Structures are given as structure tokens and as C-alpha cells.
Amino acid sequence: MATTADSSLTFARTPHPAPTAVDVRDAVLADPGFGRAFTDHMVEIDYTEGKGWHSARVVPYGPIPLDPAAAVLHYAQEIFEGLKAYRNADGGISLFRPEANAERFNASARRLAMPELPAELFIEAVRQQVMADKDWFPTVEGGSMYLRPFMFASEAFLGVRPAKEYKFLVIASPAGNYFKSGAPAVSIWVSDYTRAAPGGTGAAKCGGNYAASLVPTAEAFARGHDQVLFLDAAEHKWVEELGGMNLFFVFDDGSILTPELTGTILPGITRSSLLQLAREEGLTVREGRYSLDQWQADAASGKLLETFACGTAAVVTPVGKVASQTGEFAIGSGGPGQLTQKLRQKLVGIQRGEIADTHGWVKRIA
Ligand SMILES: *Cc1c(COP(=O)(O)O)cnc(C)c1O
């Protein structure tokens with residue numbers, strides 16, 4: 001769909017008439033958890049075919065009126081992004097690679113037959129959201145403001161075709177550490193279900209992918225595991241990714257491997273950042289196929305030293321155990337490996353402005 005948007009929209013502002021009381025907010029910020037609490041404002045922009053993007057505004061956080069026939073409720077035309085804002089030691093505020101989120105958002109939009117949003121408008125909307133609620137940064141160690149830009153089809157129409165009206169919103173949620181005890185090694189369940197097939201929507205960040213992953217996720221939880229892992233749809237052999245995180249494998253010869261982007265894997269921004277950092281550490285970096293059987297054999301022989309998952313919410317998470325219908329195996333000592341910790345510290349340090357950003361990844365917004 002053509003981009004008819006005007007990237008120089010100005011944002012109308014309606015401050016919240018009764019913002020969260022300071023003591024209530026302080027309690028949230030001292031122990032925010034993940035995705036539980038939301039700030040006082042949200043950004044909203046409307047799209048109408050023929051008119052493009054319009055009516056950009058910052059409004060009080062709250063319910064959105066929706067027609068019961070809105071296309072998203074019936075045919076799931078919805079995409080989203082996830083990124084974080086950080087409060088630096090000097091009081092400034094920065095985003096991590098928001099251009100990459102904007103670009104991926106538009107790739108998702110194209111796959112779901114939705115209108116693109118100019119990258120500058122996407123970033124400005126995120127900036128407006130952060131600045132409206134800049135007093136909502138967690139006070140806990142490792143805290144950040146998690147931002148959730150998303151778009152859905154709002155047109156009231158039950159015929160099956162791409163909708164002609166959409167809403168784009170940004171909401172914000174103060175976030176602590178994703179995992180309560182820092183970064184413990186997680187246990188993974190290899191699902192028999194498929195997340196994405198060739199030609200499907202696996203590379204798009206859309207709600208529909210998550211809807212399809214909930215039964216396997218619930219199954220993993222019921223079996224006592226933390227996350228679900230999906231294999232490829234065609235051969236049910238090659239490791240693809242977790243429900244919402246990409247995977248990396250670390251070997252004893254100083255190489256590191258991650259499944260290649262074949263169209264069924266979500267191209268993570270954390271993944272791409274870690275590939276770059278690993279190269280700079282002098283590691284041999286490979287993007288390729290890795291089978292579940294080989295993974296198990298390499299873990300047993302000691303050739304495989306570490307495995308970790310990565311994504312914006314949890315950044316880097318060590319994998320300690322893998323289980324499937326055919327048995328289970330442990331990785332390394334079951335705790336976080338050396339390289340996993342090194343890469344995690346490097347990336348988190350750059351994101352928080354504690355390590356020099358030599359890549360132009362950090363975008364200062366205040
Ligand atoms: C968002 C997401 C990731 C991680 O992407 P990041 O940009 O690193 O946050 C990985 N897999 C899936 C399925 C995702 O939705």
C-alpha cells in the first residue's frame with residue numbers, strides 16, 4: 001500500500017486530567033514487573049484511505065472506542081513493535097535503534113496489507129510518548145520504559161479485504177528485569193506445534209503469530225518449562241526460535257551460530273546487535289541451520305558450550321535445559337555461560353549509555 005502519510009504531523013496534546021498520584025506511581029516504579037502497569041498518556045494517530053495519516057495526538061491513557069465490526073476483531077489485521085527508552089546516569093533519555101523498529105514495523109505492515117508509517121513519524125510518536133510520561137522511569141536497577149507501538153484495522157466491515165481505516169498507537173509500561181532473579185538459565189520445551197511456515201507471516205511482528213503460539217506456550221508452562229521453542233514447519237528438524245526470542249549457540253572453537261533469517265524467523269534487533277558485537281569480539285559468526293539432534297549431540301560432546309535467547313524485553317537469557325517428546329538434555333553447567341554474560345553486559349552497557357556507542361545505535365531524545 002502506498003505511503004500517503006505526512007511525516008510532519010503536529011501532535012495535539014490533552015494532558016491527563018487526573019494523573020496517577022505520586023505515591024502510587026512511586027510504588028509502581030520501585031517494583032514495576034513487566035507489562036503490568038501503564039503510564040498516564042498514550043499516542044494515537046488515525047489513518048483513512050485517501051487521506052493518509054492524520055489527527056496525531058497525545059491523550060490520557062484509556063480505553064479505545066471500537067466498532068464491534070472492526071476488521072481487527074475478525075481477521076486479526078494487527079502488528080506491533082517493542083523497544084525501550086533508558087534514563088541515563090546524566091539524566092538524559094535515549095532510545096535504542098528506533099530506526100530499526102520503524103523499518104521492521106513497515107515490513108510487517110506490508111506483509112499484513114496495512115499502510116506504512118513514515119519512519120520519522122514512528123520515531124516522533126515514540127518520542128512524544130516518552131516525553132509525556134518522562135517521570136515514569138523505574139527506580140529499580142536495570143529498569144527502563146518499555147514502549148509498545150502498534151497498529152490495527154479499525155474499519156467496520158466484514159468483507160474480506162485489506163481495511164481502509166487504521167489506528168496507530170503507542171503505549172508505555174515501566175519495566176523492571178524481565179526475569180525476577182536477573183538472568184537465570186531458562187528451561188525450554190521443544191513444541192510439536194509449528195509457529196511459522198514458508199510463505200507465512202513468521203517474519204512479521206503480528207499478534208496472529210502470538211495467538212498461534214499460546215497453546216504451545218501453555219503446554220510448556222504446564223510441563224514446568226519457561227519458554228517454548230519452535231522447529232521448522234517443513235522437516236520439523238531445524239531450530240528456529242522461541243515464541244518471542246531469537247537463539248544463539250556458542251561453540252568451543254570460538255564460533256557463534258544463530259539460525260539464518262529464512263522468512264519464518266522474526267528478524268530481532270537484539271539478534272542483529274549481538275551478531276555485530278560478537279564479530280567485534282573476534283568470534284567467528286555464522287548464520288545457518290542447526291538441527292535439534294546436532295544441538296543435543298554437541299551439548300553431550302562438550303562442543304557446544306552455551307546457548308542463549310535474546311530479545312528486547314529480556315535482552316539476553318541463558319538456556320540451561322532443553323526438553324522434547326524424545327527426552328531432555330542440559331547445556332553447560334546449567335547457568336549463564338561466560339560469553340553469554342560478556343555479550344549481555346556489553347549490549348546493556350551500550351543501551352544504558354555506560355559503554356561508548358560506536359555504532360550510532362543510541363538515539364538521545366532528551
Ligand atoms: C520481537 C520478537 C523477537 C525479538 O526481537 P527484538 O527486536 O530483539 O526485540 C524475536 N522473536 C519474535 C517472535 C518476536 O516477536
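Provided above is the structure to which this section pertains.
Here's a quick rundown of the structure. Quick caveat, the model's predicted, so the values are computed rather than measured. (Residues numbered from 1 in each chain as written. Predicted model: local features only at pLDDT ≥ 70, side-chain atom pairs only at ≥ 80, totals over all residues. Heavy atoms only, no water.)

## A few points about a nonpolar patch on the surface
Then comes step 1: The grouping of Tyr75, Leu158 and Val160 at the surface amounts to a nonpolar patch, some 330 Å² of accessible area in total.
Then comes step 2: Assignment of secondary structure puts leucine 158 in the loop between strand S7 (144-153) and strand S8 (165-175). (Patch = residues over 30% accessible without salt bridge, like charges linked within 9 Å, V, L, I, M, F, W, Y side chains within 5 Å. Areas by Shrake-Rupley, 256 points an atom, 1.4 Å probe, with all protein chains shown as cover. Salt bridge = Lys/Arg side-chain N within 4 Å of Asp/Glu carboxyl O. Helix = DSSP H or I, 4+ residues; strand = E, 2+ residues; numbered from the N terminus.)

## So, the side chain of asparagine 101
Then comes step 1: For asparagine 101, the location among the structural elements is in helix H3 (residues 98-111).
Then comes step 2: Given the relative accessible area of 2%, asparagine 101 is considered buried.
Then comes step 3: At 3.3 Å, the side chain of asparagine 101 forms a polar contact with the backbone oxygen of glycine 82. (Buried < 20%, exposed > 50% of the residue type's maximum accessible area, 1.4 Å probe, protein only. Polar contact = N/O pair within 3.5 Å; in protein donor to acceptor, adjacent residues only side chain to side chain.)

## Some details on the nonpolar core
Then comes step 1: Formed by 41 residues in total, the largest nonpolar core has its most connected members in Ile45, Trp53, Val130, Leu147, Met151 and Phe168.
Then comes step 2: Within the residue set of this core, elements represented by two or more residues are strand S2 (41-48), strand S3 (52-60), strand S5 (83-87), strand S6 (93-96), H3, helix H4 (119-132), S7 and S8.
Then comes step 3: Take this core: its biggest share by element is 6 residues, from H4.
Then comes step 4: If near-sequence neighbours (up to four positions away) are discounted, valine 130 is found in contact with Ala85, Ile93, Leu95, Phe137, Met145, Leu147 and Ile365. (Core = buried A, V, L, I, M, F, W, Y, C linked by side-chain atoms within 4.5 Å. Contact = heavy atoms within 4.5 Å.)

## A closer look at the pattern of salt bridges
Then comes step 1: Enumeration over the complete set of coordinates arrives at 14 salt bridges.
Then comes step 2: Connected through salt bridges with shared partners, the residues Glu44, Asp46, Arg57 and Lys167 form a single ionic network.

## Quick look at the site of the ligand
Then comes step 1: Around the ligand sit 15 residues, and of these Lys205, Tyr210, Glu241, Thr270 and Thr312 come closest.
Then comes step 2: Lysine 205 places a side-chain nitrogen or oxygen 2.7 Å from an oxygen atom of the ligand.
Then comes step 3: The separation between an oxygen atom of the ligand and a polar side-chain atom of threonine 312 is 2.6 Å.
Then comes step 4: Per-class residue counts for the shell around the ligand are 4 nonpolar, 7 polar and 4 charged. (Near = heavy atom within 4 Å. Nonpolar A, V, L, I, M, F, W, Y, C, P; charged D, E, K, R; others polar.)

## A closer look at the packing of H3 against H4
Then comes step 1: The contact between H3 and H4 brings their axes to 9 Å, and the two run at 120°. The orientation of H3 relative to H4 falls into the category oblique. Handedness of the H3/H4 crossing: right-handed. Residues Pro98, Glu99, Asn101, Ala102, Phe105 and Asn106 of H3 form the contact with H4, whose participating residues are Ala119, Phe122 and Ile123.
Then comes step 2: Tallied by class, residues from the contact of H3 with H4 come to 6 nonpolar, 2 polar and 1 charged. (Axes fitted to C-alpha atoms, helices over the stretch in contact; angles between N-to-C directions. Parallel < 35°, antiparallel > 145°, perpendicular 65-115°, else oblique. Left-handed = near helix turned anticlockwise from the far one by under 90°.)

## Some words on the environment of valine 186
Then comes step 1: You can see valine 186 is positioned in strand S9 (residues 186-190).
Then comes step 2: Put simply, valine 186 and aspartate 226 are 40 residues apart on the chain and 5.9 Å apart in space, counted from C-alpha to C-alpha.

## Regarding the packing of helix H6 (residues 269-280) against helix H8 (residues 338-351)
Then comes step 1: The contact between H6 and H8 brings their axes to 10 Å, and the two run at 110°. Our classification of the angle between H6 and H8 gives roughly perpendicular. For H6 against H8, the interelement crossing comes out right-handed. Every residue of H8 that contacts H6 at Thr270, Ser273, Leu274, Leu277 and Ala278 is listed here: Leu343, Lys346, Leu347 and Ile350.
Then comes step 2: Classifying every residue of the contact of H6 with H8 gives 6 nonpolar, 2 polar and 1 charged.

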